[in-house]
Amino acid sequence: MTDTSAHSTAGAAPSPAAPSAKAAGEKTAYLDVRDLKVHFPTDDGLVKAVDGLTFKLERGKTIGIVGESGSGKSVTSQGILGLHRRTRARASGQIWLDGEDLMTVSDERMRELRGNKMAMIFQDPLSALHPYYTIGSQIVEAIRVHHSDTSKSAAKARAVDLLGLVGIPNPTRRVDQYPHEFSGGMRQRAMIAMSLANDPSLLIADEPTTALDVTVQAQILDLMRKLQQEFGSAIIMITHDLGVVAEMANDILVMYGGKAVEYGPVNDVFYRPEHPYAWGLLSSMPRLDRVRSARLNPVPGNPPSLINIPPGCAFHPRCRYAAEVAGDACRTQVPDLLGTGPDHVVRCHLAQSRRAELFAADVKPLL
Ligand code: SF4
């Protein structure tokens, strides 16, 4: 059974949509994100890329953040890493990492933490790696920037060890090669090696396997699982692929229009989802393990513009069940994120019993 200890308690507890500030002495999870907002003022209006996000993560656990492009997934990870600092972004809320609120630490402290205690694995290693420098020199730099007392030769020896650890054959030779001399899968392994350079306890993987073919994808996910077991890292896996999170995550957070619309243990959100948007994501997923007689069911329409988020439930223009809700609540009232089971919360006006009926009738037969 999925361990849900990484997860906030929902249900009778205050809604995660409206968390309280941390009280003195209160214990926080290893990563405890509370009411995170990242808004960008633009000439066309305020872009509410992340609008009140709350989640928790313990060491050794993985949370999958899923949603279409523009749902706010990547801005969430950039917010945690403090990459919005020194930009025009307006960020608020709390991001507790190991008892330290990242929203209030100095820029200098944030630089120490970034790449050291927390690290990012990017989607496209070819653009994340510098083409002019060897793989080894980039890992050496990542080590020495945080440990200036480490000699170049010791850092290079560590780079060789790391390349070996992530399964790159002949690392003593490969360490002196350039990114273009690596295949796509090997480059992603090298990126993972670089992100592990300073033993980070929080790894943020932003679509780490999207650019890879299915076989290499499986190898990279396997590698990340092994490394997590070895180092006890907390992992945030950002992806649009529910199949990847089902394999990797303990908890799943589904984002739409900058907000969480469903959040809970993987067994609930993947196998018994309750939000119509999560139903759409699941039923549009190709399955290779089943004979499928019907066509895939894409979610109709497009994700909303974050400058002009629809009033009420942001999903209502695309939701085939909006008419099921009495009055025009779906078009006028933002639903709260409410508990629907232990540790499972959903943002939808439909009654829970009706959601169960609709899932059984309309969605389950498609899965
Ligand atoms: Fe659909 Fe209404 Fe639920 Fe939004 S609140 S998902 S529009 S039924």
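Draft legend 1. Here's a closer look at the overall build of the protein. The helix and strand tally for the protein stands at 13 helices and 12 strands. Counting contacts in the protein only where the partners sit at least 6 residues apart, residues at least 24 apart contribute 64% of the total.

Draft legend 2. Region of the structure containing the sheet that holds strand β5 (residues 100-101). Here 4 strands make up an open sheet; going across it, the order is β2-β1-β4-β5 and the pairing antiparallel. Pairing within the sheet leaves two strands with one partner each, and these edge strands are β2 (45-57) and β5. As paired strands, strand β1 (residues 31-42) and β2 are joined by 10 bridges and run antiparallel to one another. Within β2, the residue paired with Val-38 across the bridge is Val-50. Lying over the sheet, helix α1 (residues 73-80) contacts β1, β2 and β4 (90-97), oriented at roughly 70 degrees with respect to β2.

Draft legend 3. Quick look at the pairing of strand β10 (residues 259-265). Extensive coverage of β10 is indicated by the burial of 6 of its 7 residues. Direction of pairing for strand β9 (residues 251-256) relative to β10: antiparallel, over a ladder of 6 bridges. Bridge pairing links Ile-252 to Gly-264 in β10. Taken together, β9 and the strand that follows it, β10, pair antiparallel across an intervening segment of 2 residues, in which Gly-257 is found at a positive phi of about 55 degrees. Direction of pairing for β10 relative to strand β12 (residues 344-346): antiparallel, over a ladder of 2 bridges. Bridge assignment links Tyr-263 to a residue of β12, and that residue is Val-345.

Draft legend 4. The side chain of Lys-73, seen in detail. Here Lys-73 lies in helix α1. The side chain of Lys-73 sits in the buried core without any salt bridge; Glu-207 is the nearest counter-charge, 4.3 Å away. Contact partners of Lys-73, with chain neighbours within four places excluded, come to Ile-65, Val-66, Gly-67, Glu-68, Glu-207, Ile-238, Thr-239, His-240 and Met-255.

Draft legend 5. Expanded view of the environment of Arg-158. Along the chain, Arg-158 turns up in helix α5 (residues 152-165). In this structure Arg-158 comes out as partly exposed when scored by relative accessible area, which is 28%. Spatially, the C-alpha atoms of Arg-158 and Ala-197 are 7.9 Å apart, while their sequence positions differ by 39 residues. When sequence neighbours within four positions are dropped, the list of residues in contact with Arg-158 reads Ile-143, Leu-196, Ala-197 and Asp-199.

Draft legend 6. Representation of α1 within the structure. Among the 8 residues that make up α1, 6 are buried, leaving the element largely enclosed by the rest of the structure. Taken as a whole, α1 has its buried residues at Lys-73, Val-75, Thr-76, Ser-77, Gly-79 and Ile-80. Just beyond α1, the residue with positive phi is Gly-82, at close to 75 degrees.

Draft legend 7. Highlighting the site of the ligand. The environment of the ligand is formed by 14 residues, the closest being Cys-313, Cys-319, Cys-330, Cys-348 and His-349. Of the residues contributing to the shell around the ligand, the split by class is 11 nonpolar, 3 polar and no charged.

Draft legend 8. Quick peek at the side chain of Gln-228. In this fold, Gln-228 is placed in helix α8 (residues 214-231). Apart from residues no more than four positions distant in its own chain, Gln-228 is found in contact with Gly-60, Lys-61, Thr-62, Ser-233 and Ile-235.

Draft legend 9. Up close: the nonpolar core. Counting 69 residues, the largest nonpolar core has Ile-139, Ile-192, Met-224, Leu-242 and Ile-252 as its most contacted members. Ignoring sequence-local partners within four residues, the contact set of Ile-139 consists of Ala-159, Leu-162, Leu-163, Ala-193, Met-194 and Ala-197. Counting 37 residues, the second largest nonpolar core, distinct from the first, contains Leu-57, Leu-81, Ala-89 and Val-105.

Draft legend 10. Representation of the packing of helix α4 (residues 135-144) against α5. Contact pair α4 / α5: the axes reach a minimum separation of 9 Å and the direction vectors enclose 115 degrees. α4 and α5 meet at a crossing whose hand is right-handed. Of the residues in α5, those in contact with Ile-135, Gly-136, Ile-139, Val-140, Ile-143 and Arg-144 of α4 are Lys-152, Ala-155, Lys-156, Arg-158, Ala-159, Leu-162 and Leu-163. For the contact of α4 with α5, a count of residues per class yields 8 nonpolar, 1 polar and 4 charged.

Draft legend 11. Layout of the packing of helix α7 (residues 184-195) against α8. Interhelical geometry of α7 versus α8 gives an angle of 20 degrees and a closest axis separation of 10 Å. Classed by the angle they form, the pair α7 and α8 counts as roughly parallel. Between α7 and α8 lies a crossing of right-handed hand. Counted together, Gly-185, Gln-188, Arg-189 and Ile-192 of α7 and Val-216, Gln-219, Ile-220, Leu-223, Met-224 and Leu-227 of α8 form the full contact between these two elements. Partitioning the contact of α7 with α8 into residue classes produces 6 nonpolar, 3 polar and 1 charged.

Cut-off values and rules
Residues numbered from 1 in each chain as written. Predicted model: local features only at pLDDT ≥ 70, side-chain atom pairs only at ≥ 80, totals over all residues. Heavy atoms only, no water. Helix = DSSP H or I, 4+ residues; strand = E, 2+ residues; numbered from the N terminus. Contact = heavy atoms within 4.5 Å. Pairing = 2+ DSSP bridges. Axes fitted to C-alpha atoms, helices over the stretch in contact; angles between N-to-C directions. Buried < 20%, exposed > 50% of the residue type's maximum accessible area, 1.4 Å probe, protein only. Lys, Arg positive; Asp, Glu negative; His and termini not counted. Salt bridge = Lys/Arg side-chain N within 4 Å of Asp/Glu carboxyl O. Near = heavy atom within 4 Å. Nonpolar A, V, L, I, M, F, W, Y, C, P; charged D, E, K, R; others polar. Core = buried A, V, L, I, M, F, W, Y, C linked by side-chain atoms within 4.5 Å. Left-handed = near helix turned anticlockwise from the far one by under 90°. Parallel < 35°, antiparallel > 145°, perpendicular 65-115°, else oblique.

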